[in-house]
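A closer look at the structure
The residues making up each chain are set out below.
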Amino acid sequence: MNLTQGFALSHVVKQSNRLVRGLLFKLQTTKSGKRIKVAGRHKISKCKNTKLIIGDKVMLYDFVNFYLDKPGAEIVIGDRTYINRRTEIMCKQSVVIGSDCAISWDVVITDTDYHQITGLDANGSVMNDDAKPVRIGNHVWIGCRAIILKGVTIGSGAIVAAGSVVTKDVPAGTLVAGVPAKVVKHDVHWT
């Protein structure tokens, strides 16, 4: 076997491995769209009666992990969304990510803090729930190492800067940054 034949064989083996990984990934999801690209290894941790729904043309890079940790939990990812390396999505209730989103590496999206906290919040209301839905609109860009916490809604077209911790809703078309994340620009557009 010469070098060219070895390269061609190596390419065929890599393509076969990608196909097998994609098929195995699809078997673990509740519903998968067409032409999903699955690169590398992923972890899907599921309880009974949970849903992982992935739209068409979604791209998942290496070590994207999904945790559906309570019966009834649901993660939904819209069409053409891109999720980069080592991102973790943790869900006890509901995480919905829109279409055409770009989620960078090492992002954490969670609808739970995994512990029940009881007491009064700043407004004097009783706090006693450990999960609140997370909603991310269409065409949202989330920078590397950002953290999206429970109960947050991010409006369509928004940008979350790298390293931000999002604790409150983000209006559509805004750029948020910081810990905790605050609006730093309005009427933003990204491509």
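Our structure is the block above this text.
Predicted model, so just to flag it, every value in this text is computed and none were measured.

For the rest of this paragraph, the subject is the sheet that holds strand S19 (residues 159-160). A sheet is described by the order of its strands in space; here 8 strands give the open sequence S2-S5-S8-S11-S16-S19-S21-S22, paired in mixed fashion. Two strands lie at the open edges of the sheet, namely strand S2 (37-38) and strand S22 (182-185), each paired on one side alone. Two strands pair when backbone bridges link them, and strand S8 (residues 82-83) and strand S11 (residues 102-103) are joined in this way by 2 bridges, in the parallel orientation. Bridge pairing in S11 places isoleucine 83 opposite isoleucine 103.

Here we take up unusual backbone geometry. Cis rather than trans, the peptide bond between valine 179 and proline 180 has omega equal to -5 degrees. Inspection of the secondary structure assignment puts proline 180 in the loop between strand S21 (175-177) and S22. Although it is not a glycine, asparagine 49 sits at a positive phi angle of roughly 60 degrees. Along the chain, the position of asparagine 49 falls in the loop between strand S3 (43-46) and strand S4 (51-54). Not every positive phi belongs to a glycine, and arginine 145 is a case in point at roughly 60 degrees. By secondary structure assignment, the location of arginine 145 is in the loop between strand S16 (141-142) and strand S17 (147-148). Judged by relative accessible area, which is 52%, arginine 145 ranks as exposed.

Time to look at the sheet that holds strand S9 (residues 88-91). Pairing in this open sheet of 6 strands is parallel, and the strands run S3-S6-S9-S12-S17-S20 from one edge to the other. Only two strands of the sheet have a single partner each, and these edge strands are S3 and strand S20 (165-166).

So, about the environment of cysteine 91. On the secondary structure map, cysteine 91 appears in strand S9. Exposure remark for cysteine 91: the relative accessible area of 0% places this residue in the buried category. Setting aside anything within four residues of it in sequence, one finds cysteine 91 in contact with Tyr67, Leu68, Asp69, Lys70, Ala73, Glu74, Ile75, Asp111 and Tyr114.

About the cut-offs
Residues numbered from 1 in each chain as written. Predicted model: local features only at pLDDT ≥ 70, side-chain atom pairs only at ≥ 80, totals over all residues. Heavy atoms only, no water. Pairing = 2+ DSSP bridges. Helix = DSSP H or I, 4+ residues; strand = E, 2+ residues; numbered from the N terminus. Buried < 20%, exposed > 50% of the residue type's maximum accessible area, 1.4 Å probe, protein only. Contact = heavy atoms within 4.5 Å.

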